[in-house]
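Structural characterization, general
These are the residues of each chain, in order.
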Amino acid sequence: MENLILAAVAALIVGIVIGVMIGRSGQGTTLRQRRAEQQVEELRNEYTRYQAQVNEHFMESAHLLRRFNDSYRDINQHMARGANRLCNDDEWLDELGDETARKRLGETGDRDDGVEAPRDYAPKTDPKASGTLSEDFGLAGKGNA
């Protein structure tokens, strides 16, 4: 009977050791899961803070751009009012308008040096000449180099 009691005590001790080992291995997994969940939660919080910062940045940027546009419009209106009030000489305004129109149309005015703008073609004055991009066009009176 003594052997039976010793065997029971030994089985009990082995069972306790096995139970403790299984319990600890289960706790290790639970600890890892809790740590992973904490990391995920920290990342979510960081992402939420980042989104809030981005939203705040663009809201402030929009506000500053709106102020910039308002200031630009005010300056433009001020300059227009000043020009209307201070520059009421109709002849000067007409001359300025004509000059602006010439610039828009690409007119450069008369040249004093008599130089003609280069052409990408030669006029067909000689029936034997090929005309377009003639190599000898305009060289007769100037001498060959």
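What counts as what
- Sequence positions are assigned chain by chain, starting from 1 and proceeding in written order.
- Totals for whole chains, interfaces and linings use every residue, but because this is a predicted model, local features are given only for residues with pLDDT of at least 70 and side-chain atom pairs only at 80 or more, for both listing and counting.
- Based on all heavy atoms of the structure, the side-chain values leave hydrogens and waters out of the count.
- A run of H or I in DSSP counts as a helix once it spans at least four residues, and a run of E counts as a strand once it spans at least two, with each numbered from the N terminus.
- The accessible surface values rely on the Shrake-Rupley method and a 1.4 Å probe; as for residues, cover is taken only from the protein chains in view.
- By convention in these notes, a salt bridge is any Lys or Arg side-chain nitrogen within 4 Å of a carboxyl oxygen on Asp or Glu.
- Type-normalised accessible area, obtained with a 1.4 Å probe on protein chains alone, sets the label of each residue: buried when under 20%, exposed when over 50%, and partly exposed for intermediate values.
- Candidate patch residues must exceed 30% relative accessible area and have no salt bridge, after which like charges are joined if within 9 Å and Val, Leu, Ile, Met, Phe, Trp or Tyr side chains if within 5 Å.

**Section: the overall build of the protein chain**
- Along the protein chain, the regular secondary structure elements total 2 helices and 0 strands.
- Here the protein chain displays about 14,000 Å² of accessible surface, and carbon together with sulfur accounts for 56% of that area.

**Observations concerning the pattern of salt bridges**
- Tallied over the full model, the rule gives 2 salt bridges.
- The closest approach of N and O atoms between Arg44 and Glu41, which form a salt bridge, is 3.9 Å. Linking Arg44 with Glu41, this pair stays in helix H1 (residues 2–86), spanning 3 residues, or about one helical turn.
- Among the residues examined, Arg44 registers a relative accessible area of 53% and is labelled exposed.
- On the basis of relative accessibility, which here comes to 40%, the residue Glu41 falls in the partly exposed class.
- One salt bridge connects Asp70 with Arg73, and the closest N-O pair in it is separated by 3.3 Å. Taken as a pair, Asp70 and Arg73 lie in helix H1 at a separation of 3 residues, close to a single helical turn.
- Owing to a relative accessible area of 29%, Asp70 belongs among the partly exposed residues under this scheme.

**Points about a nonpolar patch on the surface**
- There is a patch of nonpolar side chains on the surface, built from Met1, Ile5, Val9, Ile13, Val17 and Met21 and spanning about 630 Å² of accessible area.
- Assignment of secondary structure puts Ile13 in helix H1.

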